Every structure is written in structure tokens, then in C-alpha cells.
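Examination of the molecular architecture
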Amino acid sequence: MNSTSANHAYKVWQEMIKDHSGEWGMDIHHWDWVPGVGVIAMLEYYEATRNPEVLAYLLEWVKHNSEKAKGTKVINSIAPYAIFPSLYRITDDAWFRHEAVRVAEWLINETPRTREDDAFEHTVTENVAFAEQVWADTIFMAVLFLARTASMVSSTIYAEEALRQVLIHLRLLQDVETNVLFHGWNCGSGDHMSAARWTRANAWIAAGIPLIVKEIDQLVAIPDELKERYGRLMSGLLAYQQEDGLWSTVMDQPHFYREVSGSAGIAYGLLKGMELGLIPRLEETAASVELVFTSIVPYITEEGIVKGVSGGTPVMPTIQAYQDDIPTYPTLYGQGLVLMLLTEALREEK
């Protein structure tokens with residue numbers, strides 16, 4: 001990874017803040033998981049570069065869009081709140097703290113949970129329900145926020161719940177044969193539904209767990225089970241990396257199309273996992289990340305658009321449907337996961 005990371009990161013960020021009104025994947029002026037991943041990535045970018053333009057944009061974005069947050073509370077609409085604890089520390093504006101605590105209390109006390117396992121049920125802003133379903137996505141969309149709020153207010157209650165949700169999700173989703181994750185689990189039917197080893201599902205947890213551990217490890221003891229499961233997950237993921245450096249959209253289907261957002265998220269998780277000591281810092285792991293980075297750069301256009309990103313994806317009815325029915329197009333979460341990888345590359349270069 002070289003200094004071109006800075007140029008690519010800036011272009012990717014610039015494309016994210018352009019006016020994309022009417023484009024579901026790129027319109028940042030909503031309060032949902034799509035722009036939520038985008039602003040989480042922008043915060044990472046700001047913390048690495050201290051570019052005042054980025055901070056100014058994030059503050060203006062919250063001011064412009066926070067009224068939209070007053071709609072239905074669901075797991076996916078929690079994602080944008082993950083930047084609030086840092087914005088509170090940066091600005092000392094108590095409103096950010098108050099809002100984060102208010103939403104954390106909702107997560108702890110009111111969010112729908114599965115009856116048997118007490119997992120956060122994956123709820124979405126769209127008019128559709130996934131009753132009794134546990135999705136890998138929840139860890140990044142909601143549990144990351146809870147962990148950051150725990151750190152902000154030194155709450156062992158929030159930290160313990162964040163840790164518990166991570167462990168529940170790993171236990172329910174991790175495949176005992178391959179160590180990677182299935183997209184979802186249905187507590188009602190007691191199965192993984194189509195049992196797809198979907199790459200971006202794995203990326204949400206690969207990237208999310210190190211960020212969560214970083215926030216809560218001063219408040220609760222991180223159990224060996226989490227470290228052991230995460231280590232097995234990351235080893236399992238490396239086994240599915242294709243020769244071109246990326247992962248197929250369903251990773252055990254090498255003839256399926258390569259998926260850039262999930263590949264970036266996995267590579268980011270490998271870097272953060274090594275940084276935090278969750279996985280060993282090995283030369284071969286670093287080489288795998290370097291290959292991902294090299295392979296992703298050609299997917300970034302001169303304008304900063306990240307190509308090769310699959311659209312919004314529920315747990316599909318069949319594995320083949322991930323290939324046939326989910327097109328690729330630019331999205332803020334694709335931009336965001338690539339921006340996070342580029343940002344981590346910038347940190348590594350310092």
C-alpha cells in the first residue's frame with residue numbers, strides 16, 4: 001500500500017458527498033443503514049486525516065438529517081448514531097451524548113428480540129418483517145453503536161449487552177465445518193434458511209468485532225470464546241480468498257461474481273484484528289490484505305465511484321439467487337467499506 005491511498009480515499013469521500021438525490025444506493029440524505037455506513041466510514045477517515053472538511057461535513061449532515069431519525073426505530077436505522085459518541089467527544093455538545101443514551105436505552109429495553117436466543121431481531125426501515133431472524137448485519141448496524149455509547153458513558157450494562165449480542169450472533173451464525181458465517185439464522189424454523197455463506201455478512205462481523213472490542217475491553221473482560229471464534233472466522237475467510245484477491249459474493253461459489261464491499265470489509269477486519277491482537281500478526285495475512293487492496297483499486301473510477309458492489313440483500317431464498325437476483329451498483333456502504341480499508345492503509349503508512 002502506498003501514498004496513492006490518500007488520493008483514492010479523498011476521491012471516494014468526495015463522491016459520497018455529491019448530490020445523488022433519488023439514488024437509493026448513493027443518496028446520503030436519509031437516516032438508515034446505507035448512509036449510516038457511509039458516515040461511520042467518514043468518521044474513520046476524519047480520525048486518520050484530521051481533515052476539517054470531513055468533520056464539518058459530518059456535523060452539517062447530522063444537523064440536516066437528524067429530524068428524519070424520528071421515524072420508526074429499527075436495527076438498520078441505528079447505524080448513523082454510531083458517530084455520535086465521537087462527535088460528543090470532539091464538540092462537547094451534550095446533545096450528541098443525550099441522543100446516544102436515549103437510543104441505547106431503546107436498544108437495551110425495547111428492541112424486538114428473538115424469543116429463544118434473546119438476539120436482537122433484524123428489523124429494517126422498509127415495510128417488511130423478518131420475524132425471529134438473526135442477521136450478521138446487526139453487529140455493525142446496531143451493536144457497534146451500543147459499544148461506542150458504552151465507552152462514552154462508562155456503562156458496563158451497555159458493554160455487557162454488546163458483548164452478549166456478539167457472542168449470540170457468532171454462536172448462531174458460525175459454520176462448524178468452515179468457520180465462516182452464514183448470512184442469517186431463523187429462530188422459528190431453527191435453520192440458516194438458504195444457508196448462504198454470503199461475503200458481505202461475514203464482512204460486517206469481521207470489521208465490526210474489532211471496533212466493538214476496542215470500545216468495551218476496558219469495561220468488561222473479553223472472553224476466550226470470542227477471541228477463539230473470531231480467530232477461526234478470519235482463518236476460514238482467508239481460505240476462501242480467490243487468486244485475484246477478492247471474495248465471490250457467496251464465498252464458497254467461486255464462479256459467482258466478485259464482490260468489492262465485502263472483500264474490503266474482510267480486509268479491514270484482518271488489519272484491525274491484527275492491530276488489536278485478536279488474530280496473530282503474520283506476514284501471510286498482511287500479504288493477503290495487500291492483495292485485496294491491489295485488487296480493489298481498479299474498481300475505483302477516476303471520479304471515485306466504487307464498482308462491483310452488490311445491492312441491498314436480505315437472506316435470499318436460494319444460494320443461486322445471490323448471483324442471479326442481486327445486481328451491482330454504486331452504494332454508500334460500498335464506498336464506505338472501501339474508504340475504511342483505504343483509511344486503515346493510510347494509518348499503516350504513518
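This text gives an overview of the structure that appears in the document. Small disclaimer: the values here were computed from a predicted structure and weren't measured.

Analysis parameters
Residues numbered from 1 in each chain as written. Predicted model: local features only at pLDDT ≥ 70, side-chain atom pairs only at ≥ 80, totals over all residues. Heavy atoms only, no water. Helix = DSSP H or I, 4+ residues; strand = E, 2+ residues; numbered from the N terminus. Buried < 20%, exposed > 50% of the residue type's maximum accessible area, 1.4 Å probe, protein only. Contact = heavy atoms within 4.5 Å. Areas by Shrake-Rupley, 256 points an atom, 1.4 Å probe, with all protein chains shown as cover. Lys, Arg positive; Asp, Glu negative; His and termini not counted. Charge placed at Lys NZ, Arg CZ, Asp CG, Glu CD. Phe/Tyr/Trp six-rings, centres within 6.5 Å; stacked < 30°, edge-to-face > 60°. Salt bridge = Lys/Arg side-chain N within 4 Å of Asp/Glu carboxyl O. Polar contact = N/O pair within 3.5 Å; in protein donor to acceptor, adjacent residues only side chain to side chain.

Before going further, it helps to examine the overall build of the protein. Scanning the protein for helices and strands turns up 13 helices and two strands. Along the three orthogonal principal directions, the C-alpha set of the protein runs to about 50 × 50 × 40 Å. Across the 350 residues of the protein, 62% fall into the buried class. In the protein, the share of contacts with a sequence separation of at least 24, taken over all contacts with a separation of at least 6, comes to 72%. Summing over all exposed atoms, the protein offers an accessible surface of approximately 13,300 Å²; the carbon and sulfur share of this is 50%. Charge separation in the protein, taken as the distance between the mean sites of 27 positive and 47 negative side-chain charges, equals 4 Å.

Here we come to helix H4 (residues 84-91). Buried within H4 we find Phe-84, Pro-85, Ser-86 and Leu-87. For H4, the elements touching its buried residues are helix H2 (33-49), helix H3 (52-65), helix H5 (94-109) and helix H6 (137-153). Asp-92 sits one or two residues past H4 and shows a positive phi near 60°.

Okay, the packing of aromatic side chains next. For any two aromatic rings, the description comes down to two numbers: the centre-to-centre distance and the angle of the planes. Tallying each qualifying case throughout the model produces 18 aromatic pairs. The interplanar angle of 65° and the centroid separation of 5.1 Å between the aromatic rings of Trp-31 and Tyr-81 together place this pair among those described as edge-to-face. In this pair, Trp-31 is assigned in the loop between helix H1 (4-16) and H2 and Tyr-81 in the loop between H3 and H4, connecting sequence segments 50 residues apart. Residue classification places Tyr-81 among the buried residues on the basis of a relative accessible area of 5%. Here Phe-140 and Trp-204 contribute two aromatic rings whose centre-to-centre distance is 5.1 Å and whose plane-to-plane angle is 40°, an arrangement assigned as tilted. Separated by 64 residues along the polypeptide, Phe-140 in helix H6 and Trp-204 in helix H8 (residues 199-216) bring together distant segments of the chain. Across this residue pair, the class does not change: Phe-140 and Trp-204 are buried. Through successive ring pairs, a cluster of aromatic residues spans Trp-31, Trp-61, Tyr-81, Phe-84, Trp-95, Phe-96 and Phe-145.

This paragraph deals with the pattern of salt bridges. Any two side chains of opposite charge can pair, on the condition that their charged atoms come close. Tallying each qualifying case throughout the model produces 21 salt bridges. The salt bridge partner of Arg-347 is Glu-44, with a shortest N-O separation of 3.6 Å. Placement of the pair is Arg-347 in helix H13 (residues 332-349) and Glu-44 in helix H2, with a sequence separation of 303 residues. Its relative accessible area of 27% is what places Arg-347 among the partly exposed residues. For Lys-70, the salt bridge is made with Glu-67, and the minimal N-O distance between the two is 3.1 Å. With a relative accessible area of 56%, Glu-67 lands in the exposed category.

Right, let's talk about the side chain of His-122 for a bit. Locating His-122 in the fold gives a position in the loop between H5 and strand S1 (133-135). At a separation of 3.2 Å, a polar atom in the side chain of His-122 contacts the side chain of Asn-76. If sequence neighbours within four positions are ignored, His-122 has contacts with Ile-75, Asn-76, Phe-130, Gln-133, Trp-135, Asp-137 and Thr-138.

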